[in-house]
Amino acid sequence: MILVYLFIFIVIVQRFVEMAIANRNAKWIKKQGGYEVAGEHYKWIIAVHGFFFISLLIEVTVTKQSWTGASALPLALFLLAQLGRVWALSSLGRYWNTRIMIIPGANVVARGPYKYVRHPNYVIVVLEIAVLPLIFQAYWTAILFTVLNAAVLSVRIKKEEAALKQATNYNDVFQKRRRFIPTYED
């Protein structure tokens, strides 16, 4: 059981490191004349992700689930998602944030996974929330938070895209790319 808790703890620490990076990036964005959009929605993102880890820890503790043969596929998908996360975040560089941050007149990033899909980081987050609990057979957490995450993302993505269309070249760059399913252009 200790390895289960250690694994989950490492993922939680990763999220806190990302929050620190996001805060640093937000300061840089503001220095560039940027601003936050839909800040009132951010608390719901934080709540869903925070309660996700609480639920996961409770469910694995109560059910006493651990690593099994069934853990291999979700673990592989989760680790693959981590590679995708690094690719997406490093492609955005200082523009990446957990908040919706806009720099008016900026050219949107269209390299890395953004060359193929509008929202690769959201695809990765959806995958992580679905498969991390499945590594430990925490089915209730997987189902509940996949639905809750879809609800908050459905609001967030609309607000983010509207702000980007209004203040950047987002529409010109991404009009032929799908939100979540890769498209390949020459």
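Not measured: the values here are computed from a predicted model. (Residues numbered from 1 in each chain as written. Predicted model: local features only at pLDDT ≥ 70, side-chain atom pairs only at ≥ 80, totals over all residues. Heavy atoms only, no water.)

**A short note on the pattern of salt bridges**
Tallied over the entire structure, the rule returns seven salt bridges. For Glu36, the salt bridge is made with Arg99, and the minimal N-O distance between the two is 3.0 Å. You can see Glu36 sitting in strand 1 (residues 35-37) and its partner Arg99 sitting in the loop between helix 3 (72-92) and strand 2 (100-102), a full 63 residues away along the chain. Here Lys159 makes a salt bridge to Glu40, at a shortest N to O gap of 4.0 Å. Here Lys159, found in helix 5 (residues 139-167), pairs with Glu40, found in helix 2 (residues 39-63); they are 119 residues apart in sequence, far enough to count as distant. Put simply, Arg15, Glu18, Arg85 and Glu128 are held in one network by salt bridges that share partners. (Salt bridge = Lys/Arg side-chain N within 4 Å of Asp/Glu carboxyl O. Helix = DSSP H or I, 4+ residues; strand = E, 2+ residues; numbered from the N terminus.)

**Here's the deal with unusual backbone geometry**
Unusually for a residue other than glycine, Ala38 sits at a positive phi of about 55°. Counting through the fold element by element, Ala38 comes out in the loop between strand 1 and helix 2. With a phi angle near 55°, Gln137 is a residue other than glycine that sits in the positive phi range. Within the element layout of this structure, Gln137 appears in the loop between helix 4 (120-135) and helix 5.

**Focus on a nonpolar patch on the surface**
Taken together, the side chains of Ile2, Leu3, Leu6, Phe9, Ile10, Val13, Val17 and Trp67 define a hydrophobic patch exposed on the protein surface, amounting to about 780 Å² of accessible area. Judged by relative accessible area, which is 46%, Val17 ranks as partly exposed. (Patch = residues over 30% accessible without salt bridge, like charges linked within 9 Å, V, L, I, M, F, W, Y side chains within 5 Å. Areas by Shrake-Rupley, 256 points an atom, 1.4 Å probe, with all protein chains shown as cover. Buried < 20%, exposed > 50% of the residue type's maximum accessible area, 1.4 Å probe, protein only.)

**A closer look at the environment of Leu89**
By the secondary structure assignment, Leu89 is in helix 3. Taking relative accessible area as the criterion, Leu89 reaches 15% and is therefore assigned buried. Linking Leu89 and Pro113, residues 24 residues apart in sequence, is a C-alpha distance of 9.6 Å. Sequence-distant contacts of Leu89, defined by excluding residues within four places in its chain, comprise Glu18, Trp96 and Asn121. (Contact = heavy atoms within 4.5 Å.)

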